[in-house]
Amino acid sequence: QEWSKSKRTLSLINNQDFLPEALAIIDRAYKIIEDKRIREVQFFSILLILLSPKNKGVFAQIKTGEGKSTIVSVIAVIKALQNKYVDILSSSIVLAHRDKNEKKRFYECFNLTVGSSDEDEDEEKEDEEEGYNNVVQSLYEKNIVYGDTLMFEGDILKQEFSKNPNSKRAKNLNRGYRCIIIDE
């Protein structure tokens with residue numbers, strides 16, 4: 001946790017030369033939390049994605065069993081440490097909740113917050129509009145957000161067609177989409 005605080009403050013994590021140290025620290029944290037090491041094929045995939053040309057989308061096809069969830073979580077940590085909000089788009093909300101819950105402790109090692117739409121559902125049911133505003137506000141304040149297409153689409157549409165474009169919900173959804181990872 002101290003390592004991530006100091007590097008984020010100094011913005012060193014944005015330096016490409018710093019990537020080997022960052023990956024070594026992330027690998028060690030992964031070993032402590034998951035009791036597994038990041039495999040070579042995962043490192044190669046991570047490096048290919050992170051070292052791709054700037055401001056261009058990257059498409060990487062990872063076979064089943066090669067650890068997509070690990071690759072996604074490592075890239076999410078690096079991007080979040082670069083002070084970018086990370087949205088992870090999953091094929092279903094069930095998988096989004098599962099992956100968020102499985103990786104939460106790993107993200108917390110780096111002082112990163114993670115969320116998905118399953119948070120505060122009871123509050124949303126009590127007062128649908130106000131509850132929704134509270135859930136969305138707290139969700140989009142997180143460094144990393146897991147969801148499915150319906151969740152993100154719904155939140156964007158509700159923001160676009162909001163009666164009050166200056167509401168807290170609209171402001172939080174305008175946080176920007178610097179990094180979206182599609183985990184299919």
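In terms of regular secondary structure, the protein chain is built from nine helices and four strands. In the protein chain, which comprises 184 residues, the share counted as buried stands at 44%. Of all intrachain contacts in the protein chain linking residues separated by at least 6 positions in sequence, the fraction that spans at least 24 positions is 70%. As presented, the protein chain carries roughly 10800 Å² of accessible surface, and 50% of it is formed by carbon and sulfur atoms.

Among the five residues in strand β1 (residues 86–90), five count as buried, and that is most of the element. Residue alternation in β1 divides its side chains into two sets, Val86, Ile88 and Ser90 and Asp87 and Leu89, and both sets are buried. The pairing of β1 with strand β3 (residues 144–148) spans five bridges and is classified as parallel. Each bridged residue has a counterpart across the sheet, and for Ile88 the counterpart in β3 is Tyr146. Where β1 meets strand β4 (residues 179–183), five bridges bridge the pair, whose relative direction is parallel. Bridge pairing in β4 links Ile88 to Ile181.

With 72% of its residues at a pLDDT of at least 70, the protein chain reaches an overall mean of 80. Contacts for the low-pLDDT stretch residues 122–127, under 50 throughout, to residues beyond four places or in other chains number six contacts.

What follows is about the sheet that holds β1. Within the open sheet, the four strands sit side by side as β2-β3-β1-β4. Their pairing is parallel. Two strands lie at the open edges of the sheet, namely β2 (114–116) and β4, each paired on one side alone. Averaged over neighbouring strand pairs, the angle between their axes works out to 20° when direction is ignored. Across the sheet, helix α4 (residues 68–81) is in contact with β1, β3 and β4; its angle to β4 comes to roughly 175°.

Cut-offs used in this document
Residues numbered from 1 in each chain as written. Predicted model: local features only at pLDDT ≥ 70, side-chain atom pairs only at ≥ 80, totals over all residues. Heavy atoms only, no water. Helix = DSSP H or I, 4+ residues; strand = E, 2+ residues; numbered from the N terminus. Buried < 20%, exposed > 50% of the residue type's maximum accessible area, 1.4 Å probe, protein only. Contact = heavy atoms within 4.5 Å. Areas by Shrake-Rupley, 256 points an atom, 1.4 Å probe, with all protein chains shown as cover. Pairing = 2+ DSSP bridges. pLDDT = per-residue confidence, 0-100. Axes fitted to C-alpha atoms, helices over the stretch in contact; angles between N-to-C directions.

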